[in-house]
Amino acid sequence: RPKTVLCGSSFELSIDGVLFLCFPVAPRYGRRSRADATTTMFNVVFVTKPPEAARAPGLRRGAAGAVVAAGDSDSEGDEASATAGSGGGAAGGEAGHGRHGAAAFAATYNAIAAKLAHALDHEERRCGYVTRETAVMLDLKDEFAAGRLGVPAGSAVDLALAFDNPHLVEACLRRSSLARALRRVFLDLAAGQAVHLMLNGWMPLSLSLRDKSPHPSTPIRPYNTLLLLEEESAVLASLPADASPQLRKLVEVATPLKSFHDMQALSGIPLAQILRLAAHLVYWDKATIAATITKHSTYKVAPTADIDPTGPLAQAFQKKFRSSLPEILSQFSLMKRLHERMVGMSREETREFVRMVVWLLQRGFLVQLHTHVYLILPADVALPAAEGSGPDRKAAVWHSAGGRPFSSFPEITQSYLRGLADDEAVVDTFARLVPYFDGRFSLEEMMWREGVARAALVNVLREFRSVLVCCAHESKR
């Protein structure tokens, strides 16, 4: 058992390639603590294998055995281990993209162990929960060794000390809420899911392997939308009892057909609060931020899509929509806007097709393509010497990391560009948008940043089509 000086903080131990991530706790009982709360120390341990450096472009979730070891005051050397599961290896799914390697892997599990340990410490000091539950499991261990759990004593004595024996584990799960809670933590984390439970029917506890670091680098825009990854009823049922009413309201009004601006008008919730609540749902794997589905939306089949016609997702699609998944996906092999795909459909067929698109987006079958614009100037237009590539250049492409204002162009270049359109309003709009014509910004981003209507932007693209090249690809913003 860890020494008392190690209690209250995380520590790691590696033995023969097996990593033990621990958070020991020494409860400090107050005057109001129960008299039968006698545990002097307990330890939350995750047993796993560290991620291999060769396969760690991102943090991988591991299937770890969650263990709580508790020692009582009468015999500090005697420990009761309540095991929730055992195993190793990868459980699939990335926990994050911002931090890499063994350090990030360990930090994630250490944070979960600390949170679980603090919750157990609270319940132990409040009502002696850990003492009571470990006593139940120790009694079951003795009954198991004596053959009173339906297993012959003679054949089970050698296995009595092994807490991963299926008979003893099943008995612990039936009688101990702590064993059930630890098993829930293990199974949900191993499956790559967030954990939401009420510890001892009193303490709400939420755990996740998701790395928080990627979120600041993926800002949420008001023109984006919230795409729920589960049915609305399932998301509402998963929220804790004391969840914010605004969070429930957002889930109820959320639809990928409406932007966050639209949701603000529908719900009456301030936009800043809506964005915070949306980030909360994204963190807990209940939703994702997506581009609002409009008639201008363009989709293609995702490279990682499971297109096996006999797979479970294809069967689920067939059952839900009475249509063939490969046949529907084949419609997205050509680049067309959504409204072009729905030409000739009745109102009901259009609604059903949109529902299909939402279903495919939720399960990662489709990715949206965004239009990005490049400014390309002909060779006979004078450019700064630093921008050219010699007298034989045939074209020059403007690239500027921070955006290049129209006023920074040479006078001859400005005159050439102004002569491409007759409407002065269109020219002024073009001048405002020039810093975004380097391929880094989608049309929606330009419209939001500059407050430009789509019709005005379309006019710019049409009038300056001789120097503007539009490309459709996944947006990196």
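The structure displayed is predicted, hence computed values, not measured ones.

Definitions and cut-offs
- Residues numbered from 1 in each chain as written.
- Predicted model: local features only at pLDDT ≥ 70, side-chain atom pairs only at ≥ 80, totals over all residues.
- Heavy atoms only, no water.
- Helix = DSSP H or I, 4+ residues; strand = E, 2+ residues; numbered from the N terminus.
- Contact = heavy atoms within 4.5 Å.
- Phe/Tyr/Trp six-rings, centres within 6.5 Å; stacked < 30°, edge-to-face > 60°.
- Buried < 20%, exposed > 50% of the residue type's maximum accessible area, 1.4 Å probe, protein only.
- Lys NZ or Arg CZ within 6 Å of the ring centre and 35° of its normal.
- Salt bridge = Lys/Arg side-chain N within 4 Å of Asp/Glu carboxyl O.
- Core = buried A, V, L, I, M, F, W, Y, C linked by side-chain atoms within 4.5 Å.
- Expected span 1.5 Å × (residues − 1).

Caption draft 1: The arrangement of the environment of serine 259 in detail. Mapping serine 259 onto the fold places it in the loop between α7 (245-253) and α8 (260-267). Taking the C-alpha atoms as reference points, serine 259 and asparagine 224, separated by 35 residues in sequence, lie 5.4 Å from one another. Setting aside residues up to four positions removed in sequence, serine 259 forms contacts with Pro222, Tyr223, Asn224, Thr225 and Thr292.

Caption draft 2: Main features of the packing of aromatic side chains. Applying the stated rule across the entire model yields 14 aromatic pairs. Between tyrosine 436 and phenylalanine 441, the ring centres sit 5.0 Å apart and the planes meet at 90°, which makes this aromatic pair edge-to-face. Owing to a relative accessible area of 10%, tyrosine 436 belongs among the buried residues under this scheme. Three or more aromatic residues joined by ring pairs make a cluster, and in this case those are Phe406, Phe409, Phe430, Phe437 and Phe464. Lying across the ring of tryptophan 202, arginine 126 places its NZ or CZ 4.3 Å from the centre. A cation over an aromatic ring shows up here: lysine 320 above the ring of phenylalanine 321, its NZ or CZ 5.7 Å from the ring centre.

Caption draft 3: Region of the structure containing the pattern of salt bridges. Evaluated as defined, the whole model comprises 14 salt bridges. The closest approach of N and O atoms between aspartate 121 and arginine 125, which form a salt bridge, is 3.3 Å. In this pair, aspartate 121 and arginine 125 both sit in helix α1 (residues 101-127), 4 residues apart, roughly one turn of the helix. Residue aspartate 121 is classed as buried on the basis of its relative accessible area of 12%. Residue arginine 126 pairs with glutamate 123 through a salt bridge whose shortest N-O separation is 2.7 Å. Taken as a pair, arginine 126 and glutamate 123 lie in helix α1 at a separation of 3 residues, close to a single helical turn. When salt bridges that share partners are traced, they join Arg221, Glu445 and Arg449 into one network.

Caption draft 4: Up close: helix α16 (residues 443-450). Within the sequence span of α16, burial applies to Leu443, Glu445, Met446 and Met447. Looking at the packing, one finds that the buried side of α16 touches β13 (366-378), α15 (424-433), β15 (438-442) and α17 (454-463). Note on α16: the residue one or two positions beyond its end, glycine 451, has a positive phi of about 65°.

Caption draft 5: Highlighting the environment of arginine 404. Inspection of the secondary structure assignment puts arginine 404 in the loop between β14 (395-397) and α14 (411-418). For the pair arginine 404 and valine 434, spaced 30 residues apart in the sequence, the C-alpha separation amounts to 7.0 Å.

Caption draft 6: Seen up close, the nonpolar core. Formed by 40 residues in total, the largest nonpolar core has its most connected members in Val44, Phe46, Leu120, Val185, Leu189 and Leu199. Looking at this core, the elements with two or more residues in it are β2 (18-25), β3 (39-48), α1, α2 (129-146), α4 (166-175), α5 (177-190), β8 (195-199) and β9 (203-207). Among the elements that take part in this core, α1 stands out by supplying 11 residues, more than any other. With 26 residues, the next largest nonpolar core counts Leu227, Ile328, Val357 and Val367 among its residues.

Caption draft 7: Spatial organisation of helix α13 (residues 347-362). With 16 residues, α13 should reach 22 Å at 1.5 Å per residue; the first-to-last C-alpha distance of 23 Å fits that figure. Here α13 has its buried residues at Phe353, Val354, Met356, Val357, Val358, Trp359, Leu360, Leu361 and Gln362. Where α13 is buried, its residues contact β10 (224-228), β12 (298-301), α10 (312-321), α11 (325-330), α12 (338-341) and β13. Just beyond α13, the residue with positive phi is glycine 364, at close to 75°.

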